[in-house]
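Residues per chain are reported as follows:
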Amino acid sequence: MTDNKARTDLFSPARLGALDLSNRIVMAPLTRSRATDDGLVGDLQATYYAQRASAGLIIAEATNISMQGRGYALTPGIWTDEQVAGWKKVTDAVHAEGGKIVSQLWHVGRYSHNDLQPNGQAPVAPSAIKAEGDTYTNDGMVPVAMPRALETDEIPGIVADYVRAAENAKRAGFDGIEVHSANCYLLDQFIRDSTNKRTDRYGGSIENRTRLTQEVVEAVLGVWDAGSVGIRLSPASTSAGNTPLDSDVMATYGHLIRQLNRFNLAYLHTVEGVTGGARQMPEGIDLDVLRAEFKGAYIGNNGYDLDLAIARRAESKINAVAFGRPFIANPDLVERLRNGVPLTDAPRETYYGGGEAGLTDWPKLAA
Ligand code: 8OZ
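Conventions adopted
- Residues numbered from 1 in each chain as written.
- Predicted model: local features only at pLDDT ≥ 70, side-chain atom pairs only at ≥ 80, totals over all residues.
- Heavy atoms only, no water.
- Salt bridge = Lys/Arg side-chain N within 4 Å of Asp/Glu carboxyl O.
- Helix = DSSP H or I, 4+ residues; strand = E, 2+ residues; numbered from the N terminus.
- Buried < 20%, exposed > 50% of the residue type's maximum accessible area, 1.4 Å probe, protein only.
- 1 Å grid on protein atoms, 1.4 Å probe; cavity = no way out; pocket = protein on both sides within 12 Å on 5 of 7 lines; lining within 4 Å.
- Points joined across faces, edges and corners; volume = space filled by probe spheres on them.
- Nonpolar A, V, L, I, M, F, W, Y, C, P; charged D, E, K, R; others polar.
- Near = heavy atom within 4 Å.
- Polar contact = N/O pair within 3.5 Å; in protein donor to acceptor, adjacent residues only side chain to side chain.
- Areas by Shrake-Rupley, 256 points an atom, 1.4 Å probe, with all protein chains shown as cover.
- Phe/Tyr/Trp six-rings, centres within 6.5 Å; stacked < 30°, edge-to-face > 60°.
- Lys NZ or Arg CZ within 6 Å of the ring centre and 35° of its normal.
- Core = buried A, V, L, I, M, F, W, Y, C linked by side-chain atoms within 4.5 Å.
- Contact = heavy atoms within 4.5 Å.

Engineer: Just give me the short version of the pattern of salt bridges, but keep the residues and values in it.
Structural biologist: A complete count under the given rule lists 21 salt bridges for this structure. For the salt bridge of D9 with R24, the shortest nitrogen-to-oxygen distance reads 3.6 Å. Taken as a pair, D9 in helix α1 (residues 3–10) and R24 in the loop between β2 (19–21) and β3 (25–27) lie far apart in primary sequence, 15 residues in all. For the residue pair D9 and R24, the accessibility class agrees, reading buried in each case. Across the pair D20 and R15 runs a salt bridge, and its minimum N-O distance is 2.9 Å. For D20, a relative accessible area of 38% gives the class partly exposed. With a relative accessible area of 54%, R15 lands in the exposed category. Among the charged side chains, a salt-bridge network with shared partners connects E272, R279, D288, R291, R312, E315 and K317.

Engineer: Please give an account of the layout of surface pockets that cites residues and values.
Structural biologist: A water-sized probe, rolled over the atoms, reveals where empty space remains. Considering only enclosed or pocket space, the largest pocket measures out at about 1000 Å³ in volume. Lining the largest pocket are 38 residues, with L30, T31, T275, R348 and Y352 positioned closest to its centre. Elements with a contribution of two residues or more to the lining of the largest pocket: β6 (101–106), β8 (134–137), β15 (320–323) and α11 (326–329). The class makeup of the residues in the lining of the largest pocket is 18 nonpolar, 14 polar and six charged. Volume-wise, the second largest pocket comes out at about 200 Å³. Around the second largest pocket, the lining comprises 14 residues; the ones closest to its centre are R325, P326, L343, T344 and D345. Taken together, the residues that form the lining of the second largest pocket break down as nine nonpolar, two polar and three charged.

Engineer: Before we move on, could you go through the site of the ligand and cite the residues and values that matter?
Structural biologist: The immediate surroundings of the ligand are formed by T31, A62, Y72, W106, H180, N183, Y185 and Y352. The separation between an oxygen atom of the ligand and a polar side-chain atom of H180 is 2.8 Å. A distance of 2.8 Å separates an oxygen atom of the ligand from a polar atom in the side chain of N183. Calculation on the ligand without its partners gives an accessible area of 300 Å², and the protein chains cover 80% of this total.

Engineer: Requested: an account of the packing of aromatic side chains, with residues and values cited.
Structural biologist: Considering all chains together, one arrives at ten aromatic pairs under this definition. Measuring from ring centre to ring centre gives 6.5 Å for Y72 and Y185, while their planes differ by 75 degrees; the resulting arrangement is edge-to-face. One end of the pair, Y72, is in the loop between β5 (63–64) and α3 (81–96); the other, Y185, is in the loop between β11 (176–180) and α5 (186–191), with 113 residues separating them in the sequence. Y185 shares its class with Y72; the two are buried. For the pair W87 and F174, a centre-to-centre distance of 5.4 Å together with 55 degrees between the ring planes defines the contact as tilted. Taken together, the residues span a long stretch of sequence, with W87 in helix α3 and F174 in the loop between α4 (155–171) and β11 at a distance of 87 residues. An aromatic cluster is built from Y48, Y49, W87 and F174, whose rings are joined through pairwise contacts. Sitting over the face of the ring of W224, K170 holds its NZ or CZ atom 5.1 Å from the ring centroid.

Engineer: So, the nonpolar core: which residues are in play, and what are the values?
Structural biologist: Among the nonpolar cores identified, the biggest contains 85 residues, and Y49, W87 and F327 are the most heavily contacted of them. Per-element accounting of this core gives the leading share, eight residues, to α4. Ignoring any residue separated from it by four or fewer positions in sequence, one finds F327 in contact with I25, V26, M27, L30, R52, A55, L333 and V334. Counting residues in each nonpolar core, the second largest holds 14 residues, with L19, A266, I299 and A322 among its members.

Geometric values such as these leave the question of function open.
Right, dumping it as structure tokens:
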């Protein structure tokens with residue numbers, strides 16, 4: 001299609017699976033670290049997300065499926081009734097503004113610290129290999145801890161935690177869920193041979209390493225229709241602990257994506273490049289080849305601006321585009337992009353932690 005048609009198309013209604021979007025601009029999941037110690041969101045987040053409801057779809061910030069899944073203080077959860085009640089305020093507020101919102105289900109795996117874990121235990125991972133890097137606890141930044149390898153018989157419990165979170169997302173009034181299988185967190189740690197040295201049915205071959213992601217997807221489809229379930233992958237990202245790439249990115253993620261096709265999911269949401277960083281790909285990795293393997297809708301993410309979104313839509317390489325950081329200081333991002341209004345840049349200090357400041361105090365354009 002022409003660039004003109006692609007531009008119009010980005011601002012026109014679209015359907016991803018069973019999700020009816022008013023436009024193809026998606027708000028990417030953004031960790032803002034303003035939940036309570038108990039992982040509760042409430043009026044503050046209801047205001048924040050409702051302000052951004054003109055996005056075609058909001059993917060809410062990554063949300064812990066269990067206490068064991070936590071890797072950062074003040075991130076929200078979705079395993080208790082109180083947490084569900086908090087999210088219900090958010091979804092009601094977004095729906096009142098005509099928006100759509102899905103919950104991104106998250107387990108960080110090894111990227112955590114004992115202080116964030118139940119009874120001060122070690123974080124869990126496919127294998128006992130420590131990540132590099134720091135995480136944020138109630139005592140400030142600390143190096144992530146040495147994880148312990150999950151026993152094979154613990155894995156059904158993790159899948160059950162995803163199912164409970166999926167049920168809770170439904171009770172909380174979300175329009176769907178996104179399985180976070182990206183950014184070197186638990187599911188991605190299982191996928192990559194750099195972080196998975198297991199010898200059971202969850203390690204070794206590509207089939208085995210991609211098994212947990214598939215089991216989680218299949219399990220949550222007992223709760224949600226496939227048309228309301230998306231998945232996020234980041235084949236080329238090394239975020240969360242400078243995690244090494246898989247030794248054969250194309251083969252591993254290619255296999256996973258072909259297997260995912262049997263579920264007819266609403267969408268595949270891919271971080272193109274290094275999360276929050278470069279879009280350049282290491283030699284031998286071509287994400288468009290992987291994208292072409294997927295039979296459903298595709299959301300492109302990472303470092304997009306409107307011109308890139310138009311260009312990629314014109315080439316039919318994306319069905320929708322996810323913007324992250326631009327949504328922080330531009331609650332009406334869709335209107336600004338449509339009208340060619342310059343965007344406001346949010347300073348880094350506003351990203352994580354604090355209260356209303358830097359979260360809900362960004363003005364919309366005057367009508
Ligand atoms: C930034 C800070 C903490 C977590 C991800 C959920 O990268 C995150 C995250 C991003 O997926």
